Amino acid sequence: MKFDETWTELQFNNRDPVYLQVVRHFKERIAAGKLEAGQAIPSRRELGALLRINPNTAQRAYKEMEEQKLITTEGNSPSRITTNADILQSIRSELLESAIDVFLTSVKSIEISADELSALVKRKFEQQLSMRGPDKGGSA
């Protein structure tokens, strides 16, 4: 598998530390099924080169992912995405809850009922799915 093609969508922001953005990107790719349980990932040096980041930053991201048990590294073997189903499921939940928190914070000043908000979100979600087309996935 070529990793250079899979990392082109990562755009860094100036708000968050780069290593945390890398960790989040891994989580997003895992949640989306673009990285699979047990899959080997680029070495720290390769990732640094692919993302054009300092190798120490890549090392810090890998250290953080190891501490969160997102990846495992055994000896001189390549690091791999965890196979722990509970951790993999928690990644998806964490990302969704975080997105919902940001969304709710942004709309809390607008007086809207939960039912109205839910209906609006559902309608917009379905519009987004229809714009993607049938081959793009997006099951709810």
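See the structure shown above.
Remember, it's a predicted structure, so these values are computed and weren't measured experimentally.

## Overview of the pattern of salt bridges
- Summed over all chains, the structure comprises five salt bridges.
- In this structure, the salt-bridge partner of Glu-66 is Arg-44, at a minimum N-O distance of 2.7 Å. Of this pair, Glu-66 sits in helix 3 (residues 55–67) while Arg-44 sits in helix 2 (residues 44–51); the two residues are 22 residues apart in sequence, bridging distant segments of the chain.
- Assessed through its relative accessible area of 28%, Glu-66 is described here as partly exposed.
- Salt-bridge contacts for Glu-126 lead to Lys-122; the nearest nitrogen and oxygen are separated by 3.8 Å. Taken together, the residues Glu-126 and Lys-122, both in helix 5 (residues 114–132) and four residues apart, mark about one turn of the helix.
- Judged by relative accessible area, Glu-126 falls into the partly exposed class, the value being 42%.

## A word on helix 3
- In this model, helix 3 (13 residues) spans 18 Å end to end at C-alpha, consistent with the 18 Å of a helix rising 1.5 Å per residue.
- Buried residues of helix 3: Ala-58, Ala-61, Tyr-62 and Met-65, and no others. In a view along the axis of helix 3, the buried residues occupy a sector of 95°, so they form one face of it.
- Those residues of helix 3 that are buried lie in contact with helix 1 (18–31), helix 2 and strand 1 (71–72).
- The distance from a side-chain oxygen at the start of helix 3 to the backbone nitrogen of Asn-56 is 2.6 Å, and the residue carrying that oxygen is Asn-54.

## Quick notes on the nonpolar core
- In terms of nonpolar packing, the biggest core is built from 21 residues, with Val-22, Phe-26, Tyr-62, Met-65, Leu-70, Ile-71 and Ile-81 touching the most fellow members.
- At the level of elements, helix 1, helix 2, helix 3 and helix 4 (85–107) are the ones that each hand at least two residues to this core.
- Among the elements that make up this core, the one with the highest residue count is helix 1 (five residues).
- Filtering out sequence-adjacent residues up to four positions away, Ile-81 remains in contact with Phe-26, Ile-30, Leu-35, Glu-36, Ala-37, Gly-38, Gln-39, Ile-41, Leu-70, Ile-71 and Leu-88.

## A short note on the packing of helix 1 against helix 3
- It is the contact of helix 1 with helix 3, at a shortest axis distance of 8 Å, that shows an interaxial angle of 50°. In terms of orientation, helix 1 and helix 3 fall into the oblique class. Pair helix 1 / helix 3 crosses with right-handed handedness. Contacts from Val-18, Tyr-19, Val-22, Val-23 and Phe-26 in helix 1 reach Thr-57, Arg-60, Ala-61, Tyr-62, Glu-64 and Met-65 in helix 3.

Rules behind the numbers
- Residues numbered from 1 in each chain as written.
- Predicted model: local features only at pLDDT ≥ 70, side-chain atom pairs only at ≥ 80, totals over all residues.
- Heavy atoms only, no water.
- Salt bridge = Lys/Arg side-chain N within 4 Å of Asp/Glu carboxyl O.
- Helix = DSSP H or I, 4+ residues; strand = E, 2+ residues; numbered from the N terminus.
- Buried < 20%, exposed > 50% of the residue type's maximum accessible area, 1.4 Å probe, protein only.
- Expected span 1.5 Å × (residues − 1).
- Arc of directions from axis to C-beta.
- Contact = heavy atoms within 4.5 Å.
- Polar contact = N/O pair within 3.5 Å; in protein donor to acceptor, adjacent residues only side chain to side chain.
- Core = buried A, V, L, I, M, F, W, Y, C linked by side-chain atoms within 4.5 Å.
- Axes fitted to C-alpha atoms, helices over the stretch in contact; angles between N-to-C directions.
- Parallel < 35°, antiparallel > 145°, perpendicular 65-115°, else oblique.
- Left-handed = near helix turned anticlockwise from the far one by under 90°.

Note that all results are geometric; they support no functional claim without further evidence.
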